[in-house]
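Structural overview
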Amino acid sequence: MGFFLETLLGGLMAGMLYSLVALGFVLIYKASGVFNFAQGAMVLFAALAMARFSEWLPMYTGLDNKFVINLLAFVGAGAVMFVVAWLIERLALRHLVNQEGTTLLMATLGISYFLDGIGQTIFGSDVYSIDVGMPKDPVIMLESMFPGGILINKEDLYAAVIAALLVGLLTLFFQKTVTGRALRAVADDHQAAQSIGIPLNRIWVIVWCVAGVVALVAGMIWGSKLGVQFSLTTVALRALPVVILGGLTSVPGAIVGGLIIGVGEKLSEVFLGPYVGGGIEIWFAYVLALVFLLFRPQGLFGEKIIDRV
């Protein structure tokens, strides 16, 4: 039982990180109807900015307090992502309003490759580290309840808590603030929202900025775990099944879908992998997403449900 719970908790913590990346897709699609294939590149760009700022600040300012350095690097990278979001909306998406979905999709693909290239041109193409002080040593918990206890990776636990806090803040933002309600109105009906005075262009800039912050937090966590490198862009590919499973327009769906896929991957790899030669964790999420596309293409949460959330 202890081993099962250990695997289950590991899956839940991984699922929260998948949900965090999936939120970037969902937020932009809800507000603008654009499926943002540049989200992975935004994660990489944000992580590169924070990693390099955390290196440059001590070099040029003499600061030696790690907390202050990381805080300033995070703020600086956040400001960079705001500028990136504003430029994307102003220079690209504003001119593609009412275009076909395929055109918008190709535009985000172009933005993705541009961010990949310009990010490495500005910040470099080496593997960089982000050290935000998250402990990496595992800890044994609940020894009194289970023989041998449950082994938990502290870094995964901290990352899951950070992701959960951000998800909670985003939920409050959408439900309780004027801007959040405006974003929901735009997601429901662009023309109706515009008819009551909600400026679509400003809303789109805001939602891209929020997606940029989500990408920054995701990049910070994944960069701390794996190092900041080009492969971070593939993190977005891990989030695609989450979006399909939970529903492309659903913030709660991104959370639930991430948890389901995270747990499913871990349990199937641990308990079924030995019988089929392993590797289930690599393809499990995509097969599950394919099943949903065949039988429930709108995901677990349909449009009508989301409108009431």
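Remember, it's a predicted structure, so these values are computed and weren't measured experimentally.

Tracing the backbone through its elements, the reader meets Val214 in helix α8 (residues 200–226). Since its relative accessible area comes to 1%, Val214 is described here as buried. Linking Val214 and Ala163, residues 51 residues apart in sequence, is a C-alpha distance of 9.2 Å.

Their axes nearest at 9 Å, the elements helix α9 (residues 235–246) and helix α11 (residues 280–295) cross at an angle of 30°. In terms of orientation, α9 and α11 fall into the roughly parallel class. α9 and α11 meet at a crossing whose hand is left-handed. Touching Leu237, Arg238, Pro241, Ile244 and Leu245 of α9 are Glu281, Ile282, Ala285, Tyr286, Leu288, Ala289, Phe292 and Leu293, all from α11. Counted by class, the contact of α9 with α11 contains 11 nonpolar, no polar and two charged residues.

This part is about the pattern of salt bridges. Taken as a whole and judged by the stated rule, the model has three salt bridges. For Asp131, the salt bridge identified is with Lys66, shortest N-O distance 2.8 Å. Taken together, the positions of Asp131 in the loop between α4 (101–123) and β1 (138–141) and Lys66 in helix α3 (residues 66–91) put the pair 65 residues apart, joining distant regions of the chain. Classification of Asp131 by relative accessible area gives partly exposed; the value is 43%. Of the charged contacts, one joins Lys225 and Asp156 as a salt bridge, the two residues approaching to 2.4 Å between their closest N and O atoms. Taken together, the residues span a long stretch of sequence, with Lys225 in helix α8 and Asp156 in helix α5 (residues 154–176) at a distance of 69 residues. Exposure remark for Asp156: the relative accessible area of 22% places this residue in the partly exposed category.

Below, the discussion takes up the packing of aromatic side chains. Using the criterion set out here, one finds seven aromatic pairs in the structure. Taken together, a centroid distance of 6.1 Å and an interplanar angle of 85° make the contact between Phe53 and Phe123 edge-to-face. Remark: Phe123 occurs in helix α4 and Phe53 occurs in helix α2 (residues 39–61); sequence separation between them is 70 residues. Members of the aromatic cluster, joined through ring pairs, are Phe45, Phe53, Trp56 and Phe123.

What counts and how
Residues numbered from 1 in each chain as written. Predicted model: local features only at pLDDT ≥ 70, side-chain atom pairs only at ≥ 80, totals over all residues. Heavy atoms only, no water. Helix = DSSP H or I, 4+ residues; strand = E, 2+ residues; numbered from the N terminus. Buried < 20%, exposed > 50% of the residue type's maximum accessible area, 1.4 Å probe, protein only. Axes fitted to C-alpha atoms, helices over the stretch in contact; angles between N-to-C directions. Parallel < 35°, antiparallel > 145°, perpendicular 65-115°, else oblique. Left-handed = near helix turned anticlockwise from the far one by under 90°. Contact = heavy atoms within 4.5 Å. Nonpolar A, V, L, I, M, F, W, Y, C, P; charged D, E, K, R; others polar. Salt bridge = Lys/Arg side-chain N within 4 Å of Asp/Glu carboxyl O. Phe/Tyr/Trp six-rings, centres within 6.5 Å; stacked < 30°, edge-to-face > 60°.

Remember, this is a structural readout, not a statement about activity or role.
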